[in-house]
Amino acid sequence: MSALRITASILALATCSAAVAQDSSDPVKLTLHDWTGQLITTQLMGEVLEEAGLSVEYVQADYLAQFAGLETGDLHVAMEMWETTGRDAMDAATATGNVVNVGPTGMKAKEEWWYPTYMKERCPGLPNWEALKEPACAEAFSTAETAPKGRYLGGPVTWGGFDDERVEALDLPFEVIHAGTDAALFAELESAIQREAPVLLWVYAPHWAPAKYDGEWVEFPEYTAECYTDPAWGMNADMAYDCGKPFGEIWKVAWAGVEDKWPTAYSAVDAFTISNDDMGAMITEVDLNGKSVDDVVADWMSANEDTWKAWIN
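Computed from a prediction, not measured in an experiment: that's the story for all the values here.

**Q** Mind showing me how you'd approach empty space enclosed by the protein here?
**A** Over the atoms rolls a probe the size of a water molecule, and its path tells where empty space is left. Applying the stated rule across the entire model yields two cavities of 30 Å³ or more. Approximately 60 Å³ is the volume attributed to the largest cavity. Residue lining of the largest cavity: Trp35, Tyr63, Trp82, Thr85, Glu111, Trp159, Trp202 and Tyr204, and that is the complete set. The residue makeup of the lining of the largest cavity, split by class, is six nonpolar, one polar and one charged.

Following this line, the structure appears as C-alpha cells:
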C-alpha cells in the first residue's frame, strides 16, 4: 500500500472516530424529583452540560418509576439513586442492560427513623428500637389521630423505604403517616421542635436537619440484603423488613445509550462528585436561608470553577 493510501486511510479513520464521538444536538433529559438536594445536583449537572455546549431538558419524574423511562431511553440521566431506598429498583434496571450505573456521587446516604433528644425523657430506652414496643413509649409519640398507637411520619410514598412493612414485621404499635412532600416533612419537624411536641420521622443525610437539631436515629437491627429478601432471616421468621434501612452510596444512573449519543455528557456525569458537607451547605442555603436553587448552584459553580471544568475537559 502506498504512503498516500495509508495517509488517506488514517484520515478516514480519524474522521469516522470524530463522527462517533460527536455529541447529539438532542437535549439530554435529566430527571427531577421532590427533595432539595436532588434538585441541586441535577441542576448543577445540567448547568455543567450546558457549559459544554449541550442542550438540556429537565423532566419531573417519580423516583422509582423513572426506571421505565430510563430503560426505553425516554429519560437519560438520574443524578441521585440512594442505596438506602433505590438499590433494588436500580439493580433490576441495570440487569436489563438498558440502564447503567455511572458510579457514586461522592455523597454517603443515611436514612432512618429520627427523633429530637427531648423525646428520650418520654421514651426511656431510646435509641434502641425495642423501646418503641412499650405502650407508654408508643403513646408518648401518639397524636389524636393515632392514639394509643404512636405516629411515625414517613417520607412521600414515592420514596419507598418499606416503613409500613417494617412496622408490621417488628410488631411496633405505630401508625405510619406519609408526608405529601419533602417540604411538608421538614416543616412538621420544625413546628414540632419549636413546641417540643412529639415527633418521630424519616430524616436523611446529607441534609440540614440532623446538623441543625439535637436528635438521634433509632437503632434497628442491622440491615442485610437477606432481611429484605428472605422472610426467614431475622427475628420474624414469617416476614421480611424486620431490620433497619441500608446505609451507603448515592449513585448516578443513565440510559445505556447516553455514552454513544452524548459522550461528553456521559463523561461529565461519570466525573461528577460532591461531598456531604458541600451538599449539606447548599441545602441549608435553600431550605433555611431562602435562596433559590438557581442562585445556590450559580454560587457553587462560581466558587468551584476548576472542579466542574475538569468534568468536561
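**Q** What exactly am I supposed to notice about the nonpolar core here?
**A** Generally speaking, soluble globular proteins have nonpolar side chains that are buried together. Formed by 93 residues in total, the largest nonpolar core has its most connected members in Leu132 and Phe141. Per-element accounting of this core gives the leading share, seven residues, to strand S4 (residues 99–116). Discounting chain neighbours no more than four positions away, the residues touching phenylalanine 141 are Tyr115, Met119, Cys123, Leu126, Leu132, Gly150, Arg151, Phe174, Pro198, Val199 and Leu200. Counting residues in hydrophobic clusters, the runner-up holds five residues, among them Cys227, Tyr228, Ala240 and Tyr241.

**Q** Where do I start with the packing of aromatic side chains in this structure?
**A** Pairs of aromatic rings are described using the distance from one ring centre to the other and the angle between the two planes. Overall, the coordinates contain 20 aromatic pairs when judged by the stated rule. A centroid spacing of 6.4 Å and a plane angle of 85° characterise the contact between tryptophan 35 and tryptophan 82, whose relative ring orientation is edge-to-face. Pair noted here: tryptophan 35 is in the loop between strand S1 (28–32) and helix H2 (36–51) and tryptophan 82 is in strand S3 (residues 77–82), with a separation of 47 residues, a long-range link. Both residues of the pair, tryptophan 35 and tryptophan 82, count as buried. An aromatic cluster is built from Trp35, Tyr63, Trp82, Trp159, Phe186, Trp202, Tyr204, Trp208 and Tyr213, whose rings are joined through pairwise contacts. One cation-aromatic arrangement involves lysine 110 over tryptophan 217; the distance from NZ or CZ to the ring centre is 4.8 Å. Above the ring of tryptophan 202, the side-chain terminus of lysine 245 is found at 3.4 Å from the ring centroid.

Conventions used here
Residues numbered from 1 in each chain as written. Predicted model: local features only at pLDDT ≥ 70, side-chain atom pairs only at ≥ 80, totals over all residues. Heavy atoms only, no water. 1 Å grid on protein atoms, 1.4 Å probe; cavity = no way out; pocket = protein on both sides within 12 Å on 5 of 7 lines; lining within 4 Å. Points joined across faces, edges and corners; volume = space filled by probe spheres on them. Nonpolar A, V, L, I, M, F, W, Y, C, P; charged D, E, K, R; others polar. Core = buried A, V, L, I, M, F, W, Y, C linked by side-chain atoms within 4.5 Å. Buried < 20%, exposed > 50% of the residue type's maximum accessible area, 1.4 Å probe, protein only. Helix = DSSP H or I, 4+ residues; strand = E, 2+ residues; numbered from the N terminus. Contact = heavy atoms within 4.5 Å. Phe/Tyr/Trp six-rings, centres within 6.5 Å; stacked < 30°, edge-to-face > 60°. Lys NZ or Arg CZ within 6 Å of the ring centre and 35° of its normal.

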